[in-house]
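Spelled out from the first residue to the last, the chains are:
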Amino acid sequence: FKQKTAYEIGVRLVGSEMCIRDRVDIVPHPIFDRAEPQYVTLCILKTCEDPAGALRFGRYLAAPGKGQVEFSSRDYEPVNGDEWVERPQLELFSGSVNRPAIHDPFEEFRILEGVDINVIYNGCGNLVVQMKTGKIPDAYFACDSSFVTEVAVKFGESLTISEMSMVIITQKGNPKGIRSLADLGRPRLKVTLGHPQKSALGALTENLLKRKGLLAAVHANLVSESSTADVPVSQVQIGAADAAVVYEANTVESKDEIEIIPIDDPDAHAVQPFVISKGSRFPDLTARLRSALVSAISRKRFEMTGFRWLLEEKQP
């Protein structure tokens, strides 16, 4: 809540406390109008035994029609808080590759705040189709910034959190001797890629192959396309494909069972932005979720699961 000028607040409080309201005049002065507003904030102790209850009380105080009514009646100027719901439910869209990095921070946030979080994981192309038809989540964590552009008007400022490299994977021992993207166009190879319309990985791979003049040759060896990268990894593991292009983060759990070949190209990477919906019912709550996502502890999880951290600061 934003206070009115200290002068005005002080006079009104003194007048109320000492019963002299009718015997004093309030004299406005431009110097007070130019003063920076002071904010009343609520902090929860780290030692609090019921943080979910304390945060619920904080949400109540900041809610229009609830706590803000009381503050307004006492000469405070309310700010726009989240609407009051005893147990809010946030909906988040996320590219499937982000799941290992964000699952634990979101679960901890859910327990801490006493809220529900419904995370819908899918290929970013599929998620964009849903959003373009009107299903807008409270927040969207994309596999790559290119899959925010078409829906950017629905969201606020983008916060770039991490990036990850694209790599070629083959069966253990690399029996086909694959060393580069060009080798994926050799005759009689079986290649699996991400779907270019349904996934950011597929779109980035297709653009990379086009730029290098390799698209036709590689597509001649194509056995399947998938909206998520876990399928190509599995196909290589069982021998249904000789090679695949995936994100490095997709290889963390199976790196001892496959060969990983770096792609020597500056465009062979994806950048992950986080955006909050302009129409979210709970923008403050969603902003706190974002803060949890970029904490020092969360950063370690990102790095352990194959992401490179891009934020210079711990908080947005």
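The structure this text deals with has already been given above.
Residues numbered from 1 in each chain as written. Predicted model: local features only at pLDDT ≥ 70, side-chain atom pairs only at ≥ 80, totals over all residues. Heavy atoms only, no water.

A word on the packing of helix 3 (residues 51-62) against helix 5 (residues 99-113)
Their axes nearest at 6 Å, the elements helix 3 and helix 5 cross at an angle of 75°. Taken together, the axis directions place helix 3 and helix 5 in an arrangement best described as roughly perpendicular. Two secondary-structure elements touch here, helix 3 through Pro51, Ala52, Leu55 and Arg59 and helix 5 through Ile111, Leu112 and Glu113. (Axes fitted to C-alpha atoms, helices over the stretch in contact; angles between N-to-C directions. Helix = DSSP H or I, 4+ residues; strand = E, 2+ residues; numbered from the N terminus. Parallel < 35°, antiparallel > 145°, perpendicular 65-115°, else oblique. Contact = heavy atoms within 4.5 Å.)

Some points on the state of the cysteines
Tallied over the full model, the rule gives zero disulfides. Cysteine 48 provides the cysteine sulfur closest to cysteine 43, a residue in no disulfide bond, and the two sulfurs are 12 Å apart. We classify cysteine 43 as exposed; its relative accessible area is 65%. Cysteine 48 sits in the partly exposed class, given a relative accessible area of 27%. (Disulfide = S-S within 2.5 Å. Buried < 20%, exposed > 50% of the residue type's maximum accessible area, 1.4 Å probe, protein only.)

Things to note about unusual backbone geometry
Positive phi, normally seen in glycine, also occurs at asparagine 174, with a value near 50°. Tracing the backbone shows asparagine 174 in the loop between strand 6 (159-171) and strand 7 (191-194). Phi at arginine 188 is positive, roughly 70°, even though this residue is not glycine. The topology assignment puts arginine 188 in the loop between strand 6 and strand 7.

What about helix 7 (residues 200-211)?
Its 12 residues place the ends of helix 7 17 Å apart at the C-alpha level, agreeing with the 16 Å of an ideal helix rising 1.5 Å per residue. Just beyond helix 7, the residue with positive phi is glycine 213, at close to 70°. (Expected span 1.5 Å × (residues − 1).)

As for the nonpolar core
Within the largest apolar cluster, 73 residues are counted, with the highest numbers of intra-cluster contacts made by Tyr140, Ile161 and Tyr247. In terms of residue count, strand 6 provides more of this core than any other element does, seven residues in total. Excluding anything up to four places from it in sequence, isoleucine 161 contacts Phe141, Gln272, Phe274, Leu293, Val294, Phe302, Arg308, Trp309, Leu310 and Leu311. (Core = buried A, V, L, I, M, F, W, Y, C linked by side-chain atoms within 4.5 Å.)

Remarks on the pairing of strand 3 (residues 89-95)
Counted residue by residue, strand 3 has six buried out of seven residues, so it is predominantly covered. Taken together, the seven bridges between strand 3 and strand 4 (residues 116-122) define a ladder with parallel strand orientation. Residue pairing in the sheet places leucine 90 in a bridge with isoleucine 117 of strand 4. Sheet analysis places strand 3 next to strand 5 (residues 139-141), joined by three bridges and oriented parallel. Across the sheet, leucine 92 pairs through a bridge with alanine 139, a residue of strand 5. (Pairing = 2+ DSSP bridges.)

What to know about the packing of helix 5 against helix 11 (residues 296-304)
Contact pair helix 5 / helix 11: the axes reach a minimum separation of 8 Å and the direction vectors enclose 155°. Put simply, helix 5 runs roughly antiparallel to helix 11. The handedness of the crossing between helix 5 and helix 11 is right-handed. Judged by residue contacts, Ala101, Ile102, Asp104, Pro105 and Glu108 of helix 5 engage Ser298, Arg301 and Phe302 from helix 11. (Left-handed = near helix turned anticlockwise from the far one by under 90°.)

Comments concerning the pattern of salt bridges
The final tally for this structure, using the stated rule, is 18 salt bridges. Notably, a salt bridge pairs arginine 74 with glutamate 70, separated by 3.0 Å at the nearest N-O pair. Here arginine 211 and aspartate 265 are joined by a salt bridge, their closest N and O atoms 2.5 Å apart. Here arginine 211 is found in helix 7, whereas its partner aspartate 265 is found in the loop between strand 10 (258-262) and strand 11 (269-276), with 54 residues between them in sequence. For arginine 211, a relative accessible area of 48% translates into the label partly exposed. In the salt-bridge network here, residues are joined through shared partners; they are Arg211, Lys212, Asp265 and Asp267. (Salt bridge = Lys/Arg side-chain N within 4 Å of Asp/Glu carboxyl O.)

As for the packing of aromatic side chains
Counted according to the given criterion, the structure contains seven aromatic pairs. Ring centres of tyrosine 140 and phenylalanine 155 lie 6.1 Å apart, and the angle between their planes is 40°; this geometry places the pair in the tilted category. One end of the pair, tyrosine 140, is in strand 5; the other, phenylalanine 155, is in the loop between strand 5 and strand 6, with 15 residues separating them in the sequence. Here tyrosine 140 falls in the buried class, since its relative accessible area comes to 0%. Residue classification places phenylalanine 155 among the buried residues on the basis of a relative accessible area of 2%. Aromatic side chains phenylalanine 141 and phenylalanine 302 sit 6.2 Å apart centroid to centroid with 65° between the ring planes, which places their arrangement in the edge-to-face category. Of this pair, phenylalanine 141 sits in strand 5 while phenylalanine 302 sits in helix 11, and the two are 161 residues apart along the sequence. Judged by its relative accessible area of 0%, phenylalanine 302 falls in the buried class. (Phe/Tyr/Trp six-rings, centres within 6.5 Å; stacked < 30°, edge-to-face > 60°.)

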